[in-house]
Structures are given as C-alpha cells and as structure tokens.
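Survey of secondary and tertiary structure
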Amino acid sequence: MTSSETEPAPASAASASTAAADASGSGAGAAASAAATPGAGGAPGVVDYEALYEQIKDKPCHVVQINQRKDGFNGGTFRTRASLIERELDPIYKAETLAEVHEEMEAAGKRLRQLGVFTGVSMLAHEEPLDDPAACTVELAVEESNWFKLRAATYVQGGESTFELGAGLTNASGRAEALTANLEYGMENSHTASLAFKQPRVGGLPATLEVRGSQLFRNNQKSSSYTEQLRGAVLALKSMDGSQGLEYELGWRRLLDPSRSASRAVMGQMGDYLLSALRYTALLDRRQPAAGGAAATLGGAGWAVRSTTEVAGLLPPSGAGGVGGAGGPSSELRYVRQQVDAVANVPMEETGAVVFSVGASAGLLLPWGPDGVLARPTCIADRFFLGGPSSLRGFKYKGVGPTDVRRPPEGRAATSDSAAPRRDALGGDAYTSIFASLMFQLPHPALKLLRLHGHAFVNGGNVIQLAGAGRSPAELLSEFGSSWRWSCGAGLVLPTPFGRFEANYCVLLSSQEHDRVKRGLQLGFAASSVA
Amino acid sequence: MSGSVCILYKWPECWGLPSLSPACIQAEAYLRLAGAQFAVESCPTSSSSPTGQLPALERDAFISPAEPDEFAAAGGVLAYAKKHIKDLDAHLSLAQRADLLAFTSLVESRLNVATLMTCWCEPRGFAEMKKAAYGNKLPFPLSQLIPWSKQREVRRRLPPHVEPDQAFADAAAVLDALADRLRSSGAAFFFGAAPSSLDALLAGHLLFYRVSPAAAPVLQDKVLSQPVLCEYLDRLLGRHFALPATPRAALEQAAAAGGGGGGGSGSGSWSDAARGQKKAPPPKVEPSAAELTFRRHSTYWLLGAGAAVAAYVLLSGRYIQFATLLENAVEGADDDDDGDDDDDDGGDE
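Residues numbered from 1 in each chain as written. Chains lettered and ligands numbered in written order. Predicted model: local features only at pLDDT ≥ 70, side-chain atom pairs only at ≥ 80, totals over all residues. Heavy atoms only, no water.

The name given to chain B in an unreviewed UniProt entry is Metaxin, with Chlamydomonas incerta as the source organism. UniProt annotates chain B under Sequence similarities (unreviewed entry) with the comment "Belongs to the metaxin family." UniProt annotates chain B under Subcellular location (unreviewed entry) with the comment "Mitochondrion outer membrane". (UniProt positions renumbered as here; feature names shortened; annotations may be inferred.)

As recorded in an unreviewed UniProt entry, chain A goes by the name Bacterial surface antigen (D15) domain-containing protein, listed as coming from Chlamydomonas incerta.

Below, the structure written as structure tokens:
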C-alpha cells in the first residue's frame with residue numbers, strides 16, 4: 001500500500017483499490033466503493049491514487065506482522081542486535097488507521113536512519129493477510145554499513161594548514177555504538193588528539209550520549225604570542241537529529257609564551273586554568289536544501305538560527321579565595337558566554353539562480369565572580385576574534401579588535417622604527433558581524449557543474465573588550481557603535497565539504513587604527529556559522 | 001647601576017621565608033645583596049610567569065631566558081644581574097675567584113640535587129610543598145594534576161642512579177665544609193666583609209633547610225647543629241631582608257600617580273592630524289623567509305590545482321568534444337572538395 005521510502009509506487013497502489021473495496025465491506029459504506037471505481041477522478045482506466053488515499057486513510061488498519069530482511073555489509077554477518085530494531089518498530093504495532101500506519105512507518109524509518117549504522121532502510125506495507133481487510137504486513141529491509149572507517153583530510157583552518165587522520169569502529173558490538181579516534185596536525189605545530197565514544201538511543205531515550213577525551217595544543221604565536229594546551233573530557237547529550245545538545249566540559253588549560261615576546265596584556269594571562277563549563281546548543285533550521293539553485297551552496301532557501309550558551313565555573317565549588325594578588329587572573333574560569341548566529345537565504349527568482357543572503361552573528365562574554373561582573377579581564381582563549389574570510393572579509397585573520405604592543409626584541413633601541421612594532425591580537429568580549437551578499441550561478445554549463453558561483457557582498461563587524469577595561473557601560477556602548485568596520489567586494493565561491501572556498505576582491509569602507517587589513521585579493525575558506 | 005626597576009617573579013612567601021622555593025630565594029637574595037631596586041610579583045603556578053619558570057626577571061625589554069629547571073632559571077637571573085646591575089664578585093682576588101668557582105660547582109652539584117630530592121621525591125617533603133604551593137590556590141582537579149606533572153618533570157631531570165641517602169650524605173658533608181670555612185674565616189660573609197654571589201646561592205639552600213617543613217630532617221638538623229651557619233643566616237636576614245619587598249602593584253600605582261593626568265585613554269585624544277603632523281606612510285613589514293616560502297608553495301599548489309581542473313574540463317570530453325570539432329573541421333574541408341568536384345563536373349559538361 002504505501003512505501004515509506006519514496007512516493008507510492010503505482011504497482012502497490014493498485015492493491016489499495018482492492019483493499020479499499022474490501023474495507024468498504026467492513027462498514028465504511030457504499031461511498032468508498034463508489035469512489036474506488038476507476039475513472040472517478042480522471043480519464044477512464046487511470047486511478048487517482050492521491051484522492052483514493054485521502055478517502056481511505058482514516059479507515060481502520062493495523063499491522064499484524066513486520067518481516068525483516070537484514071543484510072550485513074557486503075554480505076557479511078549482520079551485527080546489529082534484534083532488540084535495537086524491535087524497539088524502533090514497536091510503535092508501528094500501535095497504529096490503528098491507515099494514516100497512522102503511514103506516519104509510524106515514516107517515523108520508524110527516520111529513527112533507524114538516525115542510529116547511523118545503516119546505509120539503507122526501506123519499508124513497504126502490503127495487504128497480506130488477504131482475509132482480514134483491516135490488516136497489513138510490513139516488509140523491512142536494512143543494510144548495515146561497514147564496521148571500520150578510516151578518514152584522512154587536509155584543510156585550512158584559522159590561518160593554518162591542518163592534516164587530519166581519523167579511524168572509527170561503528171557498531172562493533174551490535175548496539176549502534178561508535179568509537180572514534182582522531183588525530184590532527186597543523187603546520188604551525190598545533191596538534192589535537194581525541195578519543196570519542198558515542199551511543200545513540202542511550203537507555204531507550206531519544207538522545208545520543210557522547211563521551212570524548214582530548215588533548216589539544218594550539219599555537220597562536222603568530223597572532224597573539226601564546227600557546228594553549230587543553231587536556232580534558234567532554235560529556236554530551238544530544239538529540240537524535242543533532243539540533244539540540246547539552247555538554248559538560250572539564251579541562252586543564254595551560255597558556256604559555258615560549259617566544260617571550262608577548263605584550264603586557266597577554267603576559268598577564270599566562271598560567272594554568274580549570275575549565276569546567278556547561279554548554280547548551282540549539283539549532284533551528286528552516287532551510288530547504290532540496291530547492292536547488294544557488295541557494296543550495298548556502299544550505300538551502302529559508303532561514304536558520306543557532307544559539308550557543310555556555311556557563312563556566314559552576315563546578316567544582318571552590319572554597320579558595322582570590323589568587324595571584326590583586327588584579328591577577330583566578331585559576332578557575334568563570335564566565336557566561338552567549339553566541340547567536342542567524343542566516344536567511346532568499347531566492348530572487350523562480351529558477352533560484354540568484355539568491356540574496358543575509359547573515360548576522362553576535363556574541364557576548366561576561367565574567368562573573370566574587371569581585372563583580374566586569375572587574376577582571378576574561379581569558380584570552382575564550383574571547384571572540386574577528387577578521388578573515390570567515391567572519392570579516394577584507395581583514396587578515398584575527399586582524400580586527402583590541403591589540404597591544406609586543407615586547408621589542410632585545411638589543412634593539414627603543415626609538416628605532418625600521419619596522420613597526422608587531423602587535424598581539426587580544427580579542428574582545430562583545431562582537432557583532434553582519435554579512436549580506438547577492439550570490440548568482442555563473443552562466444557557463446561547465447562552471448555550473450563545478451558549482452562555481454559569483455557573489456557581491458557587504459561585510460561589517462566590530463569587537464570590543466568589556467571586562468577589565470575600567471570604563472563605564474555607556475562609554476563602551478558608544479565606542480562599539482562608533483568604531484564599526486565595513487568592507488565590500490565581489491568574488492567567486494566554490495562549495496567544498498569544509499565550507500565555501502572564496503576568492504574575493506575586497507574594498508575597505510571603514511577600518512580602525514591597528515587593524516590588519518588585506519587589501520585586494522583575499523582567498524580563504526568561509527565556514528558556515530550555522531550548522 | 002642603571003635606574004630602571006626590575007620585576008622579579010617568584011613563588012609566594014611561606015614559612016617566614018621570602019619564598020617557598022629555594023631558587024627564588026637565591027634570586028631575591030642576589031638582588032637584595034646588590035642593592036638593586038626591584039619589585040616582586042607572586043605567581044600561583046610556574047606557568048603564570050612570563051617564561052614559564054620561576055624565578056624570572058623582567059626589566060624593560062629584557063626577560064630572563066626560559067630554562068627547564070628552576071635552579072637554572074635562578075642562574076640566568078643571577079647572570080643578568082651580574083652583568084647589568086652589579087657584579088658582586090668584582091672585589092674578589094684571583095685566589096678567591098678560584099675558590100668561588102669551586103664552591104659554586106659544589107653547591108650546584110650537591111646541594112641542588114639534595115634540595116630537589118627533598119622537595120619532590122620525599123613523600124613528606126612533596127606533601128608539604130604541594131600544600132604550601134598549590135593547596136589552597138588551585139581548584140580541585142588541578143591541585144593534584146599540576147604538582148604531579150611537575151614532580152614527573154623534576155624526577156626526569158635528576159641525575160640517574162642517585163640514591164637518596166647518598167645525596168643527603170653528600171649534602172651534609174658540604175654543609176660541614178661550609179661551616180668549617182665560615183668558622184675559619186670569621187668574616188661576615190663567605191669571602192670577607194662584602195657579599196658575593198656564593199652568599200646568594202647559599203642563602204637559598206640554607207634558609208630553606210633551616211625553616212621549611214619540606215626539608216629533610218637530616219639536613220635541618222645539620223644546619224641547626226652548626227651555630228656558625230645559623231649566625232650567618234641571621235646576619236644576612238637582619239641586614240638585607242629586613243624591609244619587605246615592594247609588590248609590583250604598588251609600583252605601578254606609584255608610576256601612574258607620578259605620570260599623572262596625561263591624555264585620557266578612554267575619552268579620546270587629538271589625533272596626529274589634528275596636531276598638524278602629517279601621517280607617515282605605513283611602514284612596510286617585510287615578510288619573513290618562512291612566509292615567503294609558504295606563499296610560494298601555496299601559489300604552486302593553486303596553479304597545479306587550476307591546471308588539473310582546466311585539464312579535466314578540456315580533455316575529459318564531457319564539455320568540449322575535440323573529436324567532434326575535428327570531425328566537423330574535416331567534414332567542412334570535404335564538403336569544399338565535393339563542391340569543387342561538382343563544379344568541375346558541371347564545368348566539363
């Protein structure tokens with residue numbers, strides 16, 4: 001009768017008319033049988049299946065049996081436990097009308113796919129047993145994916161080329177769990193190693209449990225003269241479709257400056273910190289990727305909003321008083337951080353070849369503690385940075401925002417200015433960035449196949465420091481409004497799995513002193529901030 | 001001695017000592033003996049110091065070099081202070097310099113090892129150090145993790161195959177020798193009435209052994225049992241450690257108060273243009289060799305990728321069929337030939 005995978009197949013719909021005729025005998029009345037005769041809605045010999053379905057969908061119908069056909073990967077053994085599949089199929093037995101059966105079958109198929117262990121899930125309902133017109137049988141066919149995955153990738157992130165190697169064991173014991181190990185190595189000596197364990201449908205709940213332990217070393221010498229080492233573990237609970245997640249992270253962060261040339265502001269940040277943070281992420285995605293056109297590279301026509309809220313410093317409750325003397329950083333990170341990203345894509349004509357896209361991002365980082373809200377500066381590793389092809393085109397990576405002069409190298413006279421003193425990017429506690437672009441497909445069919453698009457854009461943003469600045473909120477607000485940066489330009493966009501690769505020619509409309517600008521041609525990856 | 005002020009980063013004060021780490025006491029002792037003007041900054045962990053190790057010295061643009069070991073870091077501080085602040089060994093005769101070298105290497109090879117062993121390898125000593133240094137300053141998981149990782153580092157650096165009892169016996173022998181030398185010379189400091197760098201090095205170890213609960217009992221008893229050593233330490237403390245050190249915050253406040261109301265930073269100031277100065281052209285920052293190499297390699301990579309894309313588009317036959325183009329060109333030539341033949345035929349007839 002109905003297949004929950006694609007639109008109803010005509011062959012199976014033919015039996016719908018037979019079942020409808022039988023169903024009418026069980027008390028629906030003559031109207032149904034009259035409607036079931038061919039020619040009721042169109043040319044003779046052609047059955048209007050949609051109208052037929054609309055009429056019989058509320059008839060009583062229940063599923064007596066679900067036949068399962070399970071295929072292992074490439075003909076191997078089928079590993080997934082039967083109880084796992086049975087649990088997802090249980091609600092189908094409770095359906096009482098045809099429409100409910102259809103809905104439950106679709107929902108069960110979606111849940112099975114969300115487990116992430118099957119490459120193909122298809123269900124078909126047909127009219128067996130024939131003697132009971134209100135009963136049907138469901139055929140389920142599932143095929144598993146391979147239990148071992150190996151992945152290697154290179155990409156450019158944050159001004160640094162990175163090579164990533166990952167290996168994973170999926171569903172080795174049949175409970176749909178996944179164990180992955182990841183290793184990333186960057187050209188500037190940054191490296192990350194992590195081990196993660198994921199269990200979908202943990203305890204029967206519609207949630208995925210993830211436990212991840214990682215060691216991260218990030219080298220920020222070029223932009224801010226410090227290196228960060230973070231060792232910790234994350235415990236996460238995510239919804240099955242990935243739209244909401246609650247995470248708790250406990251880690252040891254160590255900031256060091258091996259170059260000994262950091263500015264005073266960064267020097268005061270060095271040390272050991274305890275990161276104990278609770279993070280909630282929610283994504284509301286109303287974009288339709290299936291619409292096609294230019295909007296497909298941006299995730300589809302429509303809009304999407306993502307919000308991340310993070311509170312750090314709740315646990316463990318510390319009995320310790322302030323450390324490091326007046327004005328020094330405390331060893332336990334305490335802040336509240338909120339970030340909102342929104343994007344809207346509006347196709348400008350029916351073919352979808354031109355799309356107008358508007359995106360906005362805003363973030364706020366506020367420290368809290370016994371001394372008051374804005375007394376101490378926040379940790380530089382938590383702050384927001386702006387600049388680069390992803391956030392503010394026309395400026396170098398981390399090129400926008402508060403800066404401080406680095407320590408001059410020894411042996412150089414203080415008054416010599418043969419080269420301008422290099423500055424450290426300090427980042428800020430409050431930022432906003434806005435991006436508006438008109439993206440269009442290029443006319444040549446070869447370029448269309450490559451999915452190369454062109455775009456013209458306007459990009460603006462600002463980031464300021466709030467905590468530890470010693471100024472009143474009114475002053476900070478006026479500074480935020482008056483020191484906005486703007487740039488505009490045009491370029492080419494190529495979508496890749498890591499984000500959009502953009503080649504832009506940028507013109508700066510407004511910048512501030514000490515911003516590191518990139519005039520002319522700028523190449524880079526623009527990762528989408530939403531999803 | 002020049003006028004700018006040094007900043008000494010050290011472990012906080014504890015047990016009545018200027019610092020809970022003997023190496024930091026050594027650095028501070030040298031600065032006090034030299035009469036330098038300095039301010040101190042107490043750091044909760046060694047990562048909070050600008051070099052990643054304590055003690056550290058900062059003076060204008062100079063920062064003491066980063067060393068893996070705290071006694072090497074103290075050595076770096078002393079070397080800088082000797083060269084740029086005051087050389088305490090300038091007044092020594094040649095024979096005394098030879099003795100200085102001998103005693104200094106004795107202190108470094110024997111006392112350093114014994115001190116590190118009692119602080120980091122002895123269970124009771126390590127517990128005391130942990131409590132004093134990290135106990136009430138770091139939140140719970142860090143207060144165990146960080147001392148443990150530091151202990152591993154120190155143990156890795158200790159010379160291998162050194163037994164604790166041998167190390168402590170050697171240190172006790174050195175203390176006896178020092179006491180005998182002090183007794184026989186009878187002067188205020190080791191090499192006469194004026195202090196030398198050896199006095200700074202000794203002050204670190206001896207003060208620590210006398211007072212700290214982390215010092216091994218054998219060392220503590222040895223120091224207490226030699227009255228000449230106790231008098232020497234009392235003299236040192238009385239003459240040079242009487243005044244507490246200026247904390248850095250107080251120094252900065254004084255500087256700010258002295259510097260006064262020069263141009264309010266937040267409320268805006270006149271730009272250079274408003275003051276009549278022409279804006280200098282932005283200085284050209286020369287890219288470093290690594291950046292040039294990176295740029296060259298990325299250009300090659302992009303050219304190669306572009307060439308691959310162009311080759312695929314042209315040669316794969318999916319977008320432009322060369323065979324068809326050639327055929328069309330050939331057919332066009334054939335048609336011309338046929339046309340000529342027809343004309344000829346027509347002409348013949």
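Describing the domain arrangement of chain A
All names here are of chain A. Partitioning chain A into domains gives domain 1 (2-144) and domain 2 (148-526). At the interface, 12 residues of domain 1 touch 12 residues of domain 2. The largest per-residue losses of area from domain 1 upon contact with domain 2 belong to R79, R81 and Q114, which jointly make up 45% of the total buried on that side. Between domain 1 and domain 2 we count 1 salt bridge in total. With its nearest N and O atoms 2.9 Å apart, the salt bridge here joins E88 to R201. Taken together, the links from domain 1 to domain 2 amount to 7 residue pairs in polar contact (both at pLDDT 80 or more). (Domains from an automatic or database assignment. Contact = heavy atoms within 4.5 Å. Buried area = accessible area lost by both parts, 1.4 Å probe. Salt bridge = Lys/Arg side-chain N within 4 Å of Asp/Glu carboxyl O. Polar contact = N/O pair within 3.5 Å; in protein donor to acceptor, adjacent residues only side chain to side chain.)

Section: the pattern of salt bridges
All names here are of chain A. Evaluated as defined, the whole model comprises 39 salt bridges over all chains. Of the charged contacts in the structure, one is a salt bridge between E88 and R111, with a shortest N-O distance of 3.0 Å. With E88 in helix α4 (residues 82-93) and R111 in helix α5 (residues 98-114), this pair connects stretches of sequence that are 23 residues apart. Residue E88 is classed as buried on the basis of its relative accessible area, which comes to 0%. (Helix = DSSP H or I, 4+ residues; strand = E, 2+ residues; numbered from the N terminus. Buried < 20%, exposed > 50% of the residue type's maximum accessible area, 1.4 Å probe, protein only.)

Points about helix α7 (residues 197-211) of chain B
Residue and element names in this part refer to chain B. Counted at 1.5 Å a residue, the expected span for α7 with its 15 residues is 21 Å, and the 22 Å between its end C-alpha atoms agrees. Taking the largest bend as the criterion, α7 deviates by roughly 25°, centred on A203. Among the 15 residues of α7, 14 are classified as buried, and the element is accordingly described as predominantly covered. (Expected span 1.5 Å × (residues − 1). Bend = angle between axes of the 7 residues up to and from the residue.)

Comments concerning the sheet that holds strand β1 (residues 62-71) of chain A
Pairing between sheet strands relies on hydrogen bonds along the backbone, with the strands arranged either parallel or antiparallel. All names here are of chain A. The sheet built from 3 strands is open, its strands ordered β1-β3-β2 with mixed pairing. Whereas interior strands pair on both sides, the edge strands pair on one side only; in this sheet they are β1 and β2 (118-126). Neighbour-to-neighbour, the strand axes of this sheet turn through a mean angle of 15°, independent of strand direction. Strands β1, β2 and β3 (135-144) of the sheet are contacted by α4, whose axis makes an angle of about 155° with β1. Contacts from α5 reach β1, β2 and β3, with the element oriented near 165° to β2. (Pairing = 2+ DSSP bridges. Axes fitted to C-alpha atoms, helices over the stretch in contact; angles between N-to-C directions.)

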